[in-house]
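The chain contents come next:
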Amino acid sequence: MELRQLSYFVAVAEELHFGRAADRLHIVQSAVSQQIQRLERELGAELFDRSPRRVRLTGAGERLLPEARAVLAAAERARAAVAPPAGLRIGTSTGLGVHLDRVLAAFARRAPDVPVELFSLPAAERLARVAGGGLDAAFVRAVEPVPGVRVHPLWADPLVAALPAGHPLAGRTEIGVDELAGLPLALTERRTNPALVDLVVGACRDAGFEPLPGPSPGSLQDTLASIGTRPLWTVVYASHARVLHSPRVAFVPFRAPGLALPTGLAVPAVAPSPHLATLILACDDHES
């Protein structure tokens, strides 16, 4: 007796039609009929009363049905017991810094057997993958609503100014945005990060000046290298600045109320991952 035969038997018993059972199993009807006949020969009993108009279970078939379902359920449990645990796919971006480290550590404490796979992607792609099921969750900052996705608020991410280490402002414990008016600003293009650009440019205008355009934006590492050799400034997430090591660049906080972007966890609006609640608890853990 094979599991395949029991599976075919249950399908026919539930459909009471060989053709519909074959469609449900995605195989041809003749294969279903052959396997049922083999099962009947092995058991020495007819399981179905076949007539031109209908298919019915015989007494033997009715007695076998609950037992066949129990065997198939047990087989599924056996597969699940040895299968690798389902992982968690999380979208990330640069700048999460110590936040990400702490969240992953908190998640590992709560779910040590669940593997986590990280995907560093642009914000729009992170949201698209969460909506389409390609990611279980993604960290995002100040994003516009997207159909099929809801954002669980997490924390505010403060920004700090990145200045040449030799600049007079570099030794300050905090600075005002207005004090940067004479320095060119090296900032990513708005299409890449509209929330960040709007926040920084808006803060400059609120401080009474239009920021001087710096060199064409590249990677953050390239920008920091440029700042180390010429008078420029940019912004870096404070959590990221803590793990950056650049002796020629100083990171200085902004004077209160400062600059910050809200960070959230984008998750599917329906059918979330079974580990998602644990991930959210881990996010809360890291802030406590």
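Structure shown above.
Keep in mind that what you see is a predicted model, and the values were worked out from it rather than measured.

Enquirer: Give me the lowdown on helix H4 (residues 59-82), citing residues and values where you can.
Expert: A rise of 1.5 Å per residue sets the reference length of H4, with its 24 residues, at 34 Å; its end C-alpha atoms lie 36 Å apart and thus fit the reference within 8%. Of all the bends found along H4, the most pronounced is centred on Leu-65 and spans about 30°, while Pro-66, a proline, follows it within four residues. Within the sequence span of H4, burial applies to Gly-61, Leu-64, Leu-65, Ala-68 and Ala-75. Against the buried residues of H4 lie helix H1 (3-15), helix H3 (29-43) and strand S2 (55-57).

Enquirer: Talk me through the packing of H1 against H3; I want residue IDs and the actual numbers.
Expert: Between H1 and H3, whose axes approach to 9 Å, the crossing angle comes to 110°. Taken together, the axes of H1 and H3 lie roughly perpendicular to each other. Between H1 and H3, the contacting residues are Arg-4, Gln-5, Leu-6, Tyr-8, Phe-9 and Val-12 on the first element and Ala-31, Val-32, Gln-35, Ile-36, Arg-38, Leu-39 and Glu-42 on the second.

Enquirer: So, helix H7 (residues 194-206): which residues are in play, and what are the values?
Expert: With 13 residues, H7 extends 18 Å between its outermost C-alpha atoms, agreeing within 8% with the 18 Å of an ideal straight helix rising 1.5 Å per residue. Among all positions in H7, only Ala-195, Leu-196, Val-197, Val-200, Val-201, Ala-203 and Cys-204 are buried. On its buried face, H7 is in contact with strand S5 (137-141), strand S6 (149-164), strand S7 (184-185), strand S9 (234-237) and strand S11 (260-268). Where H7 ends, the next residue or the one after it, Gly-208, has phi of about 100°, a positive value.

Enquirer: Got a sec to walk through the packing of H1 against helix H2 (residues 18-25)? Specific residues and values, please.
Expert: Packing of H1 against H2 leaves a shortest axis separation of 8 Å and a crossing angle of 125°. In terms of axis orientation, H1 runs oblique to H2. Crossing of H1 over H2 shows right-handed handedness. When H1 is examined against H2, the residues Ser-7, Tyr-8, Ala-11, Val-12, Glu-14 and Glu-15 are found in contact with a partner set consisting of Phe-18, Arg-20, Ala-21, Arg-24 and Leu-25. Split by residue class, the contact of H1 with H2 holds six nonpolar, one polar and four charged.

About the cut-offs
The numbers attached to residues start from 1 for each chain and follow its sequence in the written order. Given that this is a predicted model, residues contribute local features only at a pLDDT of at least 70 and side-chain atom pairs are listed and counted only at 80 or more, while totals for whole chains, interfaces and linings are drawn from all residues. Processing note: side-chain calculations cover all non-hydrogen atoms of the structure and skip hydrogens and water entirely. In DSSP terms, a helix is any run of H or I states spanning at least four residues, a strand is any run of E spanning at least two, and both are numbered starting from the N terminus. To estimate the expected span of a helix, count its residues, drop one, and scale the result by 1.5 Å. Bend at a residue means the angle formed by two fitted axes: the first through the 7 residues ending at that position, the second through the 7 residues beginning there. Partly exposed describes any residue whose relative accessible area lies between the buried limit of under 20% and the exposed limit of over 50%, with all areas from a 1.4 Å probe on protein chains only and scaled to the type maximum. The contact definition used throughout considers only heavy atoms, calling two residues in contact when any of these lie within 4.5 Å. Interaxial angles span 0 to 180 degrees and are taken between N-to-C directions of axes, which are lines fitted to C-alpha atoms, for helices over the stretch in contact. Between 65 and 115 degrees an angle is taken as roughly perpendicular, under 35 as roughly parallel, over 145 as roughly antiparallel, and anywhere else as oblique. Whether a crossing is left-handed or right-handed is set by the direction in which the near helix is turned from the far one by less than a right angle, anticlockwise for left-handed and clockwise for right-handed. Residue type decides the class: Asp, Glu, Lys and Arg count as charged, Ala, Val, Leu, Ile, Met, Phe, Trp, Tyr, Cys and Pro as nonpolar, and the leftover types, Gly among them, as polar.

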